[in-house]
Amino acid sequence: MIALLVRQSLFRKILTSFMILIVIFALVDVAIFSLVKNRLHGERIEQNRLTLRHAADRYHSQFERVKNALYKQYTDKDVTRLNRLIISMTQKDSFKTGAIVDDIQVIVREPELYLDNMMLLFKPVPLLVDKKGSTEEERLFSDIFTSETYSFSYWKAQFEREPNYVIHPAASFFNPAEHPEEKTLIPYSIKPPTASYLVVAMIDSERLRQAIAGERDPLNLTILEPDGRVLYRMDAGGPGLPDGLLSALPAAGGGPDYTVLDGNYYFSQQDADGLQYILTVPGLSFAEEANRLNKLMLLVMAAAVIVSLLLSVLFSKRIHKPVRELLSSISNPGETALDSQIHEFDLIGHKIQTLLKEKDEILGELRQQQSVLNGYDYIAKLKNINHELSDWHSIPHHAETFTIVLYELRFRSAAFVDMPVNRELATQSIGEHLKLVTDERFPGSYTFRMEAHQFLSVVPGNERDRLVTMLEELKPMLDRDRRHCLVTAAVSSWFGHSAQLGHAYKQVQEMARQARLLEEMQIVLECRTDPSVYALTLTQEQELNAALQAANAAEAVRLVGQWLDELDRDEASVRRFRLFASSVSAQAQKIVEHYKVEASTSWRLKPMIQQLGECCTLEEYRGTLQAFLNAVTVFIKEKKEASDPIVEHVLGVLQGHYAEDLSLEALAGSLNLTPAYVSTYIKEKTGVNFTDHLHDIRVRKSQELLLETGMNIQEIAEQVGYRNISSFNRMFKNRTGQSPGEYRRTQTMARTS
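Residues numbered from 1 in each chain as written. Predicted model: local features only at pLDDT ≥ 70, side-chain atom pairs only at ≥ 80, totals over all residues. Heavy atoms only, no water.

**Notes on the overall build of the chain**
Reasoning step 1: Across its full length, the chain holds 26 helices and 17 strands.
Reasoning step 2: Summarising the internal contacts of the chain: among those between residues at least 6 apart in sequence, 65% fall at separations of at least 24.
Reasoning step 3: Counting only carbon and sulfur atoms, one obtains 55% of the accessible surface of the chain, whose full area is about 40,800 Å². (Helix = DSSP H or I, 4+ residues; strand = E, 2+ residues; numbered from the N terminus. Contact = heavy atoms within 4.5 Å. Areas by Shrake-Rupley, 256 points an atom, 1.4 Å probe, with all protein chains shown as cover.)

**Some thoughts on the state of the cysteines**
Reasoning step 1: With the rule as written, the count across this model stands at zero disulfides.
Reasoning step 2: Cys616 takes part in no disulfide bond, and the closest cysteine sulfur, belonging to Cys615, lies 7.5 Å away.
Reasoning step 3: Of the residues examined, Cys616 reaches a relative accessible area of 1% and is grouped as buried. (Disulfide = S-S within 2.5 Å. Buried < 20%, exposed > 50% of the residue type's maximum accessible area, 1.4 Å probe, protein only.)

**So, the pattern of salt bridges**
Reasoning step 1: Applying the stated rule across the entire model yields 23 salt bridges.
Reasoning step 2: The shortest N-O distance in the salt bridge between Glu619 and Arg622 comes to 3.5 Å. Here Glu619 and its partner Arg622 are both found in helix H19 (residues 618-641), three residues apart, which amounts to about one turn of the helix.
Reasoning step 3: Classification of Glu619 as exposed rests on a relative accessible area of 55%. (Salt bridge = Lys/Arg side-chain N within 4 Å of Asp/Glu carboxyl O.)

**Structural notes on the side chain of Asp130**
Reasoning step 1: Among the secondary structure elements, Asp130 is positioned in strand E2 (residues 128-130).
Reasoning step 2: Of the polar contacts made by the side chain of Asp130, one reaches the backbone nitrogen of Lys132; its length is 3.1 Å. (Polar contact = N/O pair within 3.5 Å; in protein donor to acceptor, adjacent residues only side chain to side chain.)

**Focus: the confidence of the model for the chain**
Reasoning step 1: Here the chain averages 77 in pLDDT, while 78% of its residues score no lower than 70.
Reasoning step 2: Low pLDDT (under 50) marks residues 369-399, which in the prediction has 35 contacts with non-local residues, meaning those over four places away or in another chain. (pLDDT = per-residue confidence, 0-100.)

**Digging into the sheet that holds strand E9 (residues 230-233)**
Reasoning step 1: Read from one edge of the open sheet, five strands run E9-E8-E12-E11-E10, paired in antiparallel fashion. Whereas interior strands pair on both sides, the edge strands pair on one side only; in this sheet they are E9 and strand E10 (257-261). Sheet twist, expressed as the mean angle between neighbouring strand axes with direction ignored, is 25 degrees.
Reasoning step 2: The pairing of strand E11 (residues 264-270) with strand E12 (residues 276-281) spans six bridges and is antiparallel. If you follow Gln270 over to E12, its bridge partner there is Gln276. (Pairing = 2+ DSSP bridges. Axes fitted to C-alpha atoms, helices over the stretch in contact; angles between N-to-C directions.)

**Re the sheet that holds strand E16 (residues 485-491)**
Reasoning step 1: One open sheet holds the five strands; their spatial order is E14-E15-E13-E16-E17, and the pairing between them is mixed. Of all strands in the sheet, those with a lone pairing partner are strand E14 (446-451) and strand E17 (522-524), marking the two edges. On average, each strand axis in the sheet is inclined to that of its neighbour by 20 degrees, with strand direction left out of account.
Reasoning step 2: As defined by bridge partners, E16 adjoins E17 across three bridges and the pair is classed as parallel. What sits directly across from Ala490, in E17, is Val524.
Reasoning step 3: Packed onto the sheet, helix H11 (residues 423-441) meets strand E13 (402-411), E14, strand E15 (454-460) and E16 and runs at close to 155 degrees relative to E13.

**A word on the nonpolar core**
Reasoning step 1: Tyr59, Met118, Phe122 and Tyr277 are the most contacted members of the largest nonpolar core, which totals 52 residues.
Reasoning step 2: With ten residues, the top contributor of residues to this core is helix H1 (residues 2-74).
Reasoning step 3: Setting aside chain neighbours within four positions, we find Tyr59 in contact with Leu208, Arg209, Ile212, Leu221, Ile223, Tyr232, Met234 and Tyr277. (Core = buried A, V, L, I, M, F, W, Y, C linked by side-chain atoms within 4.5 Å.)

Right, dumping it as structure tokens:
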């Protein structure tokens, strides 16, 4: 009876214990979920802050770009000359606006400005100049460029305003000559108080919105003027701003902040010009996400509790079963069962004693073989040389001070030798010889193979001078096989503690990377300044791209050969040559991808790219890069010969008539196609739009004239098709990173040095 009560009580206690654990874990899960939910809410808030900051910064930067363009056009000498003629009341027919129209066309076509048009209005006479030419102001705003918000009288009234710069609220404009549908534009104007003419830039809000927002869901972003008026709304279909929002928003600070009103979240940020950017996020999105998380939590918790209950009952029964059998045996004791249990305990005790004895014997053997284990520990630590070695205390005390030598083998590519060798066998042979010589000269030293073609010798004590002597004696022997393998030996400083081995290894690795392209063994004893990265300059990229796109193999090889000579004169390291070759091959592969060369064709470049990584001399780099560039230009030439006739026609016209006043409309008309279709087609087929093709050709031709003729910059600008020197300077610097004068000076100095 007592045993039965004990069994029932024990089962209840076990099951109750499991239940308590389930409750505790459920409470912990609830707490963790609450923390996760709060964290997710915080991340959503921070994500929207970052979105607003990104959008506000992009809009502010864009307005600054347009502001600079307005100022340059306002102060342009052709514009100021025309204004003086108008003020002197010269006959209107004598006003020449061709140069101004060219400048406006160049500015409007600049892709980073996102402009639809730019206009000049003059107060004394009814004259307006835009990208199409000059016309009567009233006719433009009533028939051609109409808007309910911005009429002719509105712009005339702007001559009486005080501020220099004004961003006008966005409005719909209708221009049946260019686009049959309404277009939302943001006017931005400049007019100092005493000026008699006004410059207006019409920003295409939709193009700008696509550039800023991308393909993401439309942002409900509102831009307010300093006085609270709406300047522009990105998502016109979303909810508007509620009354009283401006007073509820936090004070302008260093970054975006938010407030909650009517269940919606309003994030705000103010820029340096006083414009306020407000991002509206419906509170419903936050609530929906919270509801989904709540449902998920309830579902997971319910499943976890049910499974835990079932497992608790199962485990309770399994634990209870042997206890019940034990209690049953106690309640009905027998002499045989008790003897059996005692015998089992004796056997277990005997096994434990045996195990303890074997453990003592193993420990004794380990102590006797401590020196051997030290060597193995040495090897293990060296194999993990890049890890922290501060806990390494197993090196014998007599080896605390040490010097190391790193041997790096560079095998010549099979393409450059008559009889290739088995690299693995050659590596083993060289390593065994190095170990034999080092062990003989420095007893107690350690020599290991670190990587596939790398050996490391650790020599106890400060033996740097003796090591250098040994390496100089080894040099003639190792140089006998230099047509197959080149060896670099880097000798470290001496170090006073074994924990510094990781630092010493990094030191000799860096020294070995600074080896030069020499056909002999090199002994490196000190570090020298050597950049760890290398990239082609912007000018080098453009020159190489131009040669490859023209399929001009000779010019590409000449350029690369010139740059190789410069590296050689600078005594560049093996690493810099490899990085240079990698940069050239990467740039060439971009051009191959740009021309959409099939993978079945371009795979033939891979062996040459691999061979570039195994070049050991300057001549090997020259030969490999020449073969590589020849192959690339062949692929490009074949692709261009099979290219689209429309693209060929357009590019041919640009190449032959770049100095003329080319327009996309005239070119499209010659093909009986619309300008929009030709523009999209050229961009899709070549990756570059029509205007950029034209400017690229003009700038390339101007580079040739700057270096090959003595013409001044004004003459060169006119020669390549720019009627305005400021437009030429802007385009040239945009594409080369230098002004025309700077480019001529730096390139002339580079040729003469």
